[in-house]
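Working through the structure, step by step
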Amino acid sequence: MSAPMNTGTRPFILVAASDANRDVLYEEFAARYGRDYQLRVVPSDDAVAATAAIIGGGDELALAVAELYGDLSAAAAVVDEITELCTTCRRLAVYDWRVLAEAAAVSRDLIADSRIDSVQLIPRGPRDEEFHSEVSGLLSDWGWTVAVPEAPVAKVVAEPNDPAAAGIRDYLERMGMPHTVYSPASEIGRRIIALIADEHPDGVPLPIVKSTIAGAPIAGATARDVARARVSGQQSLHDTPCDLAVIGAGPAGLAAAVYGASEGLTTTVLEQGAVGGQAGTSSMIRNYLGFPRGISGMRLAQRARLQASRFGAEIFSGHRCTGITINPCTDGKAWDGHTIEVEEQRFSARAVIVATGVKYRRLGVEPLEELVGRGVFYGAATTAAREMADQDCYVVGGGNSAGQAAIHLARFARSVSVVVRRDSLAATMSEYLIREIEANPRIEVLTCTRVIDGGGRQNLEWLTLDTVGELPRTVTARGLFLLLGADPHCAWLPAGIELDPCGFVLTGPDLPVRVWRTPAEPPDALATSIPGVFAVGDVRSGSMKRVASASGEGAAAVSMVHAYLDSLQGVRGDSRPSAL
């Protein structure tokens, strides 16, 4: 059975199936998704031609579903041909339970090479919610990364290639807020400008952000202005004392917030950028426990944010911590804790967890620094990926973040080149990412190479690459994504915090013996050299620099916070159970 091809604007779901299962799959997809998507169900032999017709007609293909049956290698080849025609669609392999063993073996290789996104058994009855949960997840991924939001929470008015607008878009994307950018000459752009024109007689400065949450448009906005203006729905920062202050809202800080708040500690979280930290920029984290298809850093961060808020933690983005005043605790006297300085505000916390993570190192090529936000980006900048359609772009870095960025960009770009100084990726990148990169024909790895120059008139147009043993060469480039390792966010910490030679925070037995309780009793594993201050995640010396380990450290630190608070006199509350 084949659904008629409509000419509306709804995106397509294409299903390629055997005669035995075509009707079943048609009914499943038509009943659940017929309102929002155009459905086409075809024999497997017609799948490639149907994909070409959809793309050639100017329509969008959101999801391609291919049944694995018969000659499984031929069925897998159909998936590859569909992907070649439409790199942005999500790909689901399905199979009948009667060929489960054979199809499962084939699908494992397809998933490992990132040739499909997921695999499911064909439903054999009503209400197969496991099947539809996976389909909905794939459609959600496609809608967030590819489709233009039809009901944006925020509208951004900006000139093309405005670096400030690029920062705002990145913040909104990482906060999970659908948004659309409009030219100031567009009808919607002119309408928004008119709302505040009287307040700016010399002209309304761009960019402008109008949110359905924040009310009045923000003129001349920056990402930090957007965060602090409560565009994301957060409340204003207050100076109420708390049991635990968590500085940084990456995976480590969010885990600390969840466990701290769930165990009864009044918990305040401060984040100078978007919630999620560096991990929040990852397009897809595939090796995080419990997410077999993977999860984007943004979704992981927003789920953790909601989870922590549910337990009562207060999370404030757009607020930069500028210092900690250490207040010693005197035995026998009530103690309000250390003072946290947040620019013009202050509040006290009985314990502090430092989870400020790291920042990407600068490339140091001045002509390229001047093009940041105009084709040059620090981090994955997932909002810019759509703009790389049919372009050549470069990713500098050999870690997992660089690998994830390259794979995501390859959905859009004509070519993606990963530039690394080492002779391979093996020492710095997870094996599963290396395999996906090797299997992707759009990605090339340039080893023993560095970027030494680049430029363009308004945007990035070219780069100069220097490869060991070769003469420097100039290449065309429309995107440069820099993921160059990490420097710790530690400049704001008080002098009493011991750091290693690279500037990371020392904790536990790695601290100098002079700050131990006794020569035979080192501080707790995540404790710093100042009582009541703990460090977790990437900012900590010796950490693994992985999302899972950072989350574990954030959770583990809370049990040490409990033990510390319970050891003090005059601290509010009784002993509480371990958070682990």
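Read on for an overview of the structure. (Residues numbered from 1 in each chain as written. Predicted model: local features only at pLDDT ≥ 70, side-chain atom pairs only at ≥ 80, totals over all residues. Heavy atoms only, no water.)

**A word on the nonpolar core**
Counting residues in hydrophobic clusters, the biggest one holds 68 residues, and the most contacted among them are F29, L463, L480 and F481. When neighbours within four sequence positions are excluded, F481 is seen to be in contact with F377, G379, A380, A381, A384, M388, C393, Y394, V395, V396 and L409. Formed by 49 residues, the second largest nonpolar core is a distinct cluster that contains A158, V275, A308 and A557. (Core = buried A, V, L, I, M, F, W, Y, C linked by side-chain atoms within 4.5 Å. Buried < 20%, exposed > 50% of the residue type's maximum accessible area, 1.4 Å probe, protein only. Contact = heavy atoms within 4.5 Å.)

**Side note on the pairing of strand β3 (residues 61–67)**
Taking burial as the measure, the seven residues of β3 include seven buried ones, the bulk of the element. Bridge count between strand β1 (residues 12–17) and β3: five bridges; the pairing is parallel. Of the residues in β3, the one forming a bridge with A16 is A66. Looking at chain direction, β3 and strand β4 (residues 90–95) are connected through five bridges and run parallel. Paired with V65 across the two strands is L92, which belongs to β4. Each parallel crossover has a hand, and for β3 linked through helix α3 (residues 72–85) to β4 it is right-handed. (Helix = DSSP H or I, 4+ residues; strand = E, 2+ residues; numbered from the N terminus. Pairing = 2+ DSSP bridges. Right-handed = clockwise from strand over helix to strand, strands pointing away.)

**Section: helix α5 (residues 129–145)**
In this model, α5 (17 residues) spans 24 Å end to end at C-alpha, consistent with the 24 Å of a helix rising 1.5 Å per residue. Among all positions of α5, only F131, H132, E134, V135, G137, L138, L139, D141, W142, W144 and T145 are buried. (Expected span 1.5 Å × (residues − 1).)

**Here we look at the environment of S415**
With respect to the secondary-structure elements, S415 resides in strand β19 (residues 415–419). Residues S415 and Y394, spaced 21 residues apart in sequence, show a C-alpha to C-alpha distance of 8.3 Å. Among residues more than four places away in sequence, those in contact with S415 are Q391, D392, C393 and R442. Looking at S415, its side chain comes within polar contact range of the side chain of D392, at 2.7 Å. (Polar contact = N/O pair within 3.5 Å; in protein donor to acceptor, adjacent residues only side chain to side chain.)

**Some points on the pairing of strand β14 (residues 338–342)**
The element β14 is extensively covered by neighbouring structure, given that five of its five residues are classed as buried. Judged from the three bridges that link them, strand β13 (residues 323–325) and β14 form a sheet pairing that is antiparallel. In the sheet register, T325 faces β14, and the bridge partner there is T339. Where β14 lies against strand β15 (residues 345–354), five bridges are found, and the strand directions are antiparallel. Bridge pairing in β15 places V342 opposite Q345. Counting the residues in the hairpin turn of β14 and β15 gives two residues, including E343, whose phi is positive at 50°.

**A look at the sheet that holds strand β22 (residues 462–467)**
Sheet strands line up and pair through hydrogen bonds in the backbone, either parallel or antiparallel. What the three strands build is an open sheet, ordered β21-β22-β23; its pairing is antiparallel. Of all strands in the sheet, those with a lone pairing partner are β21 (449–455) and β23 (473–476), marking the two edges. Averaged over neighbouring strand pairs, the angle between their axes works out to 35° when direction is ignored. (Axes fitted to C-alpha atoms, helices over the stretch in contact; angles between N-to-C directions.)

**Things to note about the pattern of salt bridges**
Scanning the model with the defined rule gives 33 salt bridges in all. We note a salt bridge from R115 to D113, for which the minimum N-O separation is 3.9 Å. Take R115: its relative accessible area is 24%, and that puts it in the partly exposed class. What makes D113 buried here is its relative accessible area of 17%. (Salt bridge = Lys/Arg side-chain N within 4 Å of Asp/Glu carboxyl O.)

**Things to note about the packing of aromatic side chains**
Two aromatic rings, taken as a pair, are described by how far apart their centres are and by the angle between their planes. In this structure the tally under the stated criterion is five aromatic pairs. Between F377 and F481 the ring centres are 5.2 Å apart and the planes differ by 20°, which places this aromatic pair in the stacked class. Placement of F377 in strand β17 (residues 376–378) and of F481 in strand β24 (residues 479–482) is noted, with a sequence separation of 104 residues between them. Comparing F377 with F481 shows no difference in burial state: the two are buried. The interplanar angle of 75° and the centroid separation of 6.3 Å between the aromatic rings of F534 and Y564 together place this pair among those described as edge-to-face. Placement of F534 in strand β26 (residues 533–535) and of Y564 in helix α15 (residues 547–566) is noted, with a sequence separation of 30 residues between them. You'll find F534 and Y564 in the same group, each marked buried. Pairwise contacts between aromatic rings join F29, Y33 and F131 into one cluster. Here the basic side chain of R362 rests over the ring of Y378, its NZ or CZ set 3.8 Å away from the ring centre. Seen from the ring of F504, K545 lies directly overhead, with NZ or CZ sitting 4.7 Å from the centre. (Phe/Tyr/Trp six-rings, centres within 6.5 Å; stacked < 30°, edge-to-face > 60°. Lys NZ or Arg CZ within 6 Å of the ring centre and 35° of its normal.)

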